[in-house]
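# Residue-level structural notes
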Amino acid sequence: MSLVSGPGRGGTSAGAVPDELKLAVDNHVKYIQSLDTRQDELEYWLTEHLRLNGVYWGLTALHLLGHPEGLPRDATIDFVLSCQHGSGGFGAAPGHDAHMLYTVSAVQILATIDAVEELDLRGKAGEEQVGKYIAGLQNRETGSFAGDEWGETDTRFLFGAFNALSLLHLLSLIDVPKAVAHVHACANFDGGYGVSPGAESHAGQIYTCVGALAIAGRLDLVDRDRLGGWLSERQLPNGGLNGRPEKLEDVCYSWWVMSSLAMIDRLRWIDGDKLTQFILRCQDREQGGIADRPGDMVDVFHTVFGIAGLSLLSFPGLEAVDPIYCMPKAITSRILSK
Amino acid sequence: MTSIREHQYTVETLELTSKLLRSNPEYYTIWNHRRLTMQHLFKGPGSSERSREQDHDAIVNLISDDLAFLLPLLRKFPKCYWIWNYRLWLLEESTRLLPTAEARKFWQQELALAGKMLSLDSRNFHGWGYRRTVVQALESTKLSTQEPINSMAEQEFEYTTQMINSNLSNFSAWHTRSKLIPRLLNERGADNEARRRFLDEELELIQRALWAGSEDQSLWFYHQYLMSNFDPKYARDSMVPDLTTDERSKYIAQEFDRVQEMLDGDEDCKWIYQSLIHLSKLRKGLTAEWPAKADSVRQWTDELLRLDPLRAGRWNDLKSDLDN
Ligand SMILES: [Zn+2]
């Protein structure tokens, strides 16, 4: 899966008004499918550090677009397993070191295509060991999580751990109450959350913290009205959302803000129609793909978050997305009810 | 690449990783290899023959050189997480391997680096985060040269004042301020009188700021934070925890008058209406009575719906909340 941006640009074609409101489903599918055929481009190799994330983004986008068969299942499983280490962790691509971020993507991919049991069948380490790798990154004193053995901590990694371990039914391997207390210590006066205690609120970190609390069943700790107020102020007059005050709008922030609002039941606090139109303006309707904002190059990262955002806004024809996991709702419901 | 695959940890490997990282600093596995190589070089060749003194100088040189190698990369890729992580790891190695005073010098320089970055872009997320991490390290017992530890709360608070004075629209600075205030008051051993004076000064500061920029949401968020001091729900964490109900309602009345005054000539500023409603609800919660006629509160929500249709769902919720 290539993380190369382009070839298309968002919103470059000046179509008539009705076209503006359409989602170019077929072209987005083709765009995602074409990504892996671009190995002759230098940028394909320069973005190798994101490859496994890229597969998760592309696969999720295809599922939400109603084309779950869009990527070959066997080849996907082979690629995921080729990124695994004996420790249970996964790297971004074969030969890259294991890290929380890629391990989470690996679990999400396997869960999406109902192939988690492949870990036990032919992985370098089984399901339980994947859980142990993740659990081993928790700091048992502070409850926080590191990204890898080198120790950087960030609420993104804590959320990743909750996300993957809940999909594997292995949350019991970690100290959930300590982790929850750590998230709570990251709360700020505006109701938002930062990367660590003391850090400024940021829509991306809010998504990870609220998501972790949602998985732990502790949304009671969230100051919903205050957080909802701050998040709703992320919407700008052009309909797009930014990630912090005084910043530019961006499709990926639309997702983080919107999914957080959905988790605290405040999605109605922003203008969904205007946001829908903003996301649609960011797509390249001819060549497929979605950009961060109109006029910029498209990429698979903004493509999945744009489509997931539209799904959360109940855009017709899309599969429902789970705001916590950013995976098809039908799939997370099936796994979590097991 | 072979030397990396074969896990060789030499000066040559270090140079190779430099080359690779200059062209692609996102290549995190190469950063990890560089860490392993550095740890190998810290140990030195056949260390038994060398004096401790030499080891120490060698480590200082290795760390200085590596910090210097990172500078142009940070300038070119200021948003790349891996570079910042590696830099922090290097500094932590200095804490681990060097005498406290020596390691402190390295960390101290980083404060200047963070300051320089923030003077170029006063909202740089990494810049503020980095500054906070460096301050935390300098305040930690591991790097402390005195008892009790050297708190930097006063100095950092002063820094946020400077940043705010040069540009009011700096949410990062207001945020940092909110985090420093409780510590500052505790460390000063502030009594109730001193705490009230402090609160009054913050109220003055934000009023002046709001008059200069009534459309600036950063300021209103900070104003909302200050108003939590008068909300029993947040009293435990407030600047003056022992305010009486009577004092709280006096403060609320004072703020209410100040904000209402802003309305004159600024009738299309939604934040003013929002604040007036918030203050009215606070007052109602404390004394069970509205500070103004209940009709006005309803009128203000209508103004919000008129001025801010994007968030109509929120204002409608507020409206039905007022009806209950
Ligand atoms: Zn983005």
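As annotated in an unreviewed UniProt entry, chain B carries the name Geranylgeranyl transferase type-2 subunit alpha and comes from Lepraria neglecta. Reading the Function (unreviewed entry) entry of the UniProt record for chain B gives the comment "Catalyzes the transfer of a geranyl-geranyl moiety from geranyl-geranyl pyrophosphate to cysteines occuring in specific C-terminal amino acid sequences." Regarding chain B, the relevant UniProt record gives this comment under Catalytic activity (unreviewed entry): "geranylgeranyl diphosphate + L-cysteinyl-[protein] = S-geranylgeranyl-L-cysteinyl-[protein] + diphosphate".

The name given to chain A in an unreviewed UniProt entry is Geranylgeranyl transferase type-2 subunit beta, and the organism recorded there is Lepraria neglecta. The heading Function (unreviewed entry) in the UniProt record of chain A holds the text "Catalyzes the transfer of a geranylgeranyl moiety from geranylgeranyl diphosphate to both cysteines of proteins with the C-terminal sequence -XXCC, -XCXC and -CCXX." The record in UniProt for chain A states the following under Sequence similarities (unreviewed entry): "Belongs to the protein prenyltransferase subunit beta family."

## Focus on the overall build of chain B
Scanning chain B from N- to C-terminus turns up 15 helices and 0 strands. Radius of gyration (C-alpha) of chain B: 27 Å, far over the 20 Å computed for a compact globule of 324 residues. A principal-axis box enclosing the C-alpha atoms of chain B has dimensions of 85 × 45 × 35 Å. Here chain B holds 324 residues, and 52% of them are scored as buried.

## Some remarks on the overall build of chain A
The helix and strand tally for chain A stands at 16 helices and 4 strands. At 19 Å, chain A has a C-alpha radius of gyration in line with the 20 Å of a compact globule built from 338 residues. Viewed in the frame of its principal axes, chain A has a C-alpha envelope of about 55 × 45 × 35 Å. Classification of the 338 residues of chain A by burial places 64% in the buried group.

## Quick word on the side chain of Gln205 of chain A
Residues and elements named next belong to chain A. Among the secondary structure elements, Gln205 is positioned in helix α11 (residues 203–215). Exposure remark for Gln205: the relative accessible area of 2% places this residue in the buried category. Within the structure, Gln205 has its side chain in polar contact with the side chain of Asp154 (distance 3.0 Å). Leave out the neighbours within four places in its chain, and Gln205 touches Asp154, Thr155, Arg156, Tyr193, Gly194 and Val195.

## Topic: helix α2 (residues 25–34) of chain A
Along α2 of chain A, the residues that are buried comprise Asn27, His28, Val29, Tyr31 and Ile32 of chain A. On the buried face of α2 of chain A, the contacting elements are α4 (51–64), β1 (290–291), β2 (298–299) and α15 (300–312) of chain A.

## Description of the interface of chain A and chain B
Contacts between chain A and chain B engage 45 residues on the former and 46 residues on the latter. The contact between chain A and chain B buries some 3900 Å² in all, and 51% of this surface belongs to carbon and sulfur atoms. Counting the contacts that link chain A with chain B gives 7 salt bridges. For the pair chain A and chain B, the number of links is 26 residue pairs in polar contact (both at pLDDT 80 or more). For the side of chain A that touches chain B, the leading source of residues is helix α12 (residues 224–232) of chain A, giving 4 residues. Of the residues that constitute the side of chain A that touches chain B, the class distribution is 15 nonpolar, 12 polar and 18 charged.

## Considering the nonpolar core
Membership of the largest hydrophobic core comes to 203 residues, with the highest contact counts inside it found for Phe90, Phe145, Tyr193, Trp255 and Phe305 of chain A together with Trp31 and Met239 of chain B. The element best represented in this core is α11 of chain A, accounting for 9 residues. Other than its neighbours up to four places away in sequence, Trp255 of chain A contacts Tyr207, Phe305, Ala308, Gly309, Leu312, Val321, Asp322, Pro323 and Cys326 of chain A.

## Section: the coordination of the zinc ion
Residue and element names in this part refer to chain A. Distances from the zinc ion to its protein donors, Asp250 (OD), Asp250 (OD), Cys252 (SG) and His302 (NE2), fall within 2.1 to 2.4 Å. Coordination at the zinc ion comes from 4 donor atoms whose angles at the metal span 56 to 123°, giving a geometry best classed as irregular. Of note, the donors binding the zinc ion are all from one chain and are spaced D-x1-C-x49-H. Here Cys252 is found in helix α13 (residues 251–263), whereas its partner His302 is found in helix α15, with 50 residues between them in sequence. Judged on exposure class, the residue Cys252 and its partner His302 are both buried.

## Here's the deal with the packing of helix α7 (residues 125–139) of chain B against helix α8 (residues 153–166) of chain B
Residues and elements named next belong to chain B. Packing of α7 against α8 leaves a shortest axis separation of 11 Å and a crossing angle of 160°. As summarised for this structure, α7 and α8 are arranged roughly antiparallel, according to the angle between their axes. In this structure, the crossing between α7 and α8 has a hand that is right-handed. Across the interface between the two elements, Trp128, Arg131, Val135 and Glu139 of α7 pack against Ala153, Glu156, Tyr159 and Met163 of α8.

## Some remarks on the packing of aromatic side chains
Residue and element names in this part refer to chain B. In this structure the tally under the stated criterion is 27 aromatic pairs over all chains. When the ring of Tyr28 is compared with that of Trp82, the centres are 5.0 Å apart and the planes differ by 25°; the resulting orientation is stacked. With Tyr28 in helix α3 (residues 28–43) and Trp82 in helix α5 (residues 81–97), this pair connects stretches of sequence that are 54 residues apart. Since its relative accessible area comes to 1%, Tyr28 is described here as buried. We classify Trp82 as buried; its relative accessible area is 13%. Seen in terms of ring centroids, Tyr86 and Trp89 are 5.5 Å apart; in terms of plane orientation they differ by 35°. Their pairing is tilted. Of this pair, Tyr86 and Trp89 both sit in helix α5, 3 residues apart, which is roughly one turn of that helix.

## Quick notes on the state of the cysteines
All names here are of chain A. One pass over the structure, following the stated rule, counts 0 disulfides over all chains. The thiol of Cys186 is not disulfide-bonded; the next cysteine sulfur, from Cys209, is found 5.3 Å away. No disulfide involves Cys282; its sulfur sits 11 Å from the nearest other cysteine sulfur, which is in Cys252. According to the relative accessible area criterion, Cys282 is buried, its value standing at 0%.

## Some details on the packing of α5 of chain B against helix α6 (residues 100–120) of chain B
Residues and elements named next belong to chain B. Relative orientation of the contacting elements α5 and α6 amounts to 155°, with a least axis distance of 8 Å. One element, α5, and the other, α6, form an angle in the roughly antiparallel class. In terms of crossing hand, the pair formed by α5 and α6 is left-handed. Counting all contacts with α5, which are made through Trp84, Arg87, Leu88, Leu91, Glu92, Ser94 and Thr95, the residues of α6 involved are Ala103, Phe106, Trp107, Glu110, Leu113 and Met117.

## As for the pattern of salt bridges
Residue and element names in this part refer to chain B. Applying the stated criterion across every chain yields a total of 38 salt bridges over all chains. With a shortest N-O distance of 3.2 Å, Arg183 and Glu187 are connected by a salt bridge. Of this pair, Arg183 and Glu187 both sit in helix α9 (residues 171–187), 4 residues apart, which is roughly one turn of that helix. According to the relative accessible area criterion, Arg183 is partly exposed, its value standing at 30%. Relative accessible area serves as the criterion here: at 42%, Glu187 is assigned to the partly exposed category. A salt bridge links Asp308 to Lys270; its shortest N-O distance comes to 3.0 Å. Placement of Asp308 in the loop between α14 (294–307) and α15 (312–323) and of Lys270 in helix α13 (residues 270–287) is noted, with a sequence separation of 38 residues between them. Residues Asp308 and Lys270 agree in their burial class; the two are buried.

The rules behind each value
- Residues numbered from 1 in each chain as written.
- Chains lettered and ligands numbered in written order.
- Predicted model: local features only at pLDDT ≥ 70, side-chain atom pairs only at ≥ 80, totals over all residues.
- Heavy atoms only, no water.
- UniProt positions renumbered as here; feature names shortened; annotations may be inferred.
- Helix = DSSP H or I, 4+ residues; strand = E, 2+ residues; numbered from the N terminus.
- Rg over C-alpha atoms; globule rule 2.2 N^0.38 Å.
- Buried < 20%, exposed > 50% of the residue type's maximum accessible area, 1.4 Å probe, protein only.
- Polar contact = N/O pair within 3.5 Å; in protein donor to acceptor, adjacent residues only side chain to side chain.
- Contact = heavy atoms within 4.5 Å.
- Buried area = accessible area lost by both parts, 1.4 Å probe.
- Salt bridge = Lys/Arg side-chain N within 4 Å of Asp/Glu carboxyl O.
- Nonpolar A, V, L, I, M, F, W, Y, C, P; charged D, E, K, R; others polar.
- Core = buried A, V, L, I, M, F, W, Y, C linked by side-chain atoms within 4.5 Å.
- Donors = N, O, S within 2.8 Å, 3.2 Å for Na, K, Ca; no water.
- Tetrahedral: all angles 85-135°; square planar, octahedral: opposite > 155°, others 65-115°.
- Axes fitted to C-alpha atoms, helices over the stretch in contact; angles between N-to-C directions.
- Parallel < 35°, antiparallel > 145°, perpendicular 65-115°, else oblique.
- Left-handed = near helix turned anticlockwise from the far one by under 90°.
- Phe/Tyr/Trp six-rings, centres within 6.5 Å; stacked < 30°, edge-to-face > 60°.
- Disulfide = S-S within 2.5 Å.

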